[in-house]
Amino acid sequence: STNIGNLKTLTFLQLDHNELSGSIPSEMGELTNLRIGFFNDNDLTGVMPPEVCANRNNTSPPGLLGTLVTDCSPPNPEVDCPCCSSCNVPN
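None of these values were measured; they are calculated from a predicted model. (Residues numbered from 1 in each chain as written. Predicted model: local features only at pLDDT ≥ 70, side-chain atom pairs only at ≥ 80, totals over all residues. Heavy atoms only, no water.)

A.B. asks: Before we go on, may I ask you to explain unusual backbone geometry in this structure?
C.D. replies: The linkage connecting S60 with the following residue, P61, adopts the cis geometry, with an omega of 0 degrees. Residue position: P61 is located in the loop between α1 (50-53) and β6 (67-70). Phi is positive for E19, close to 55 degrees, though the residue is something other than glycine. Of note, the phi angle at D41 is positive, near 55 degrees, even though the residue is not glycine. (Helix = DSSP H or I, 4+ residues; strand = E, 2+ residues; numbered from the N terminus.)

Here you go:
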């Protein structure tokens, strides 16, 4: 279990270049004030949780999350992210 969802007022989260592994927790979707999230250049895998995608500013109703970056570029994406604003090529 993770407590990251308790950070309700968080607006900027920069976790890139940290050698993080595993999947992005669905609790990240509880960060409804998040405007920018960088998860790229790690060893994260799996699918971006739909709870996070629901916070994007291009959804209906729109959320606040405008910038969302992971390692989701082809040919071998580490994270499947249909809602990312930008995809980095995995290292």
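There is more to say, and it comes next.
A.B. asks: Sorry, what's going on with the sheet that holds β6 here?
C.D. replies: In any sheet, the strands associate via hydrogen bonds between backbone groups, in a parallel or an antiparallel arrangement. The strand order across the open sheet built from four strands is β1-β3-β6-β8, with neighbouring strands paired in parallel fashion. Every interior strand has two partners, whereas the edge strands, β1 (12-14) and β8 (86-87), have only one. Alignment of β1 against strand β3 (residues 36-38), held across three bridges, turns out to be parallel. Bridge pairing in β3 places Q14 opposite F38. (Pairing = 2+ DSSP bridges.)

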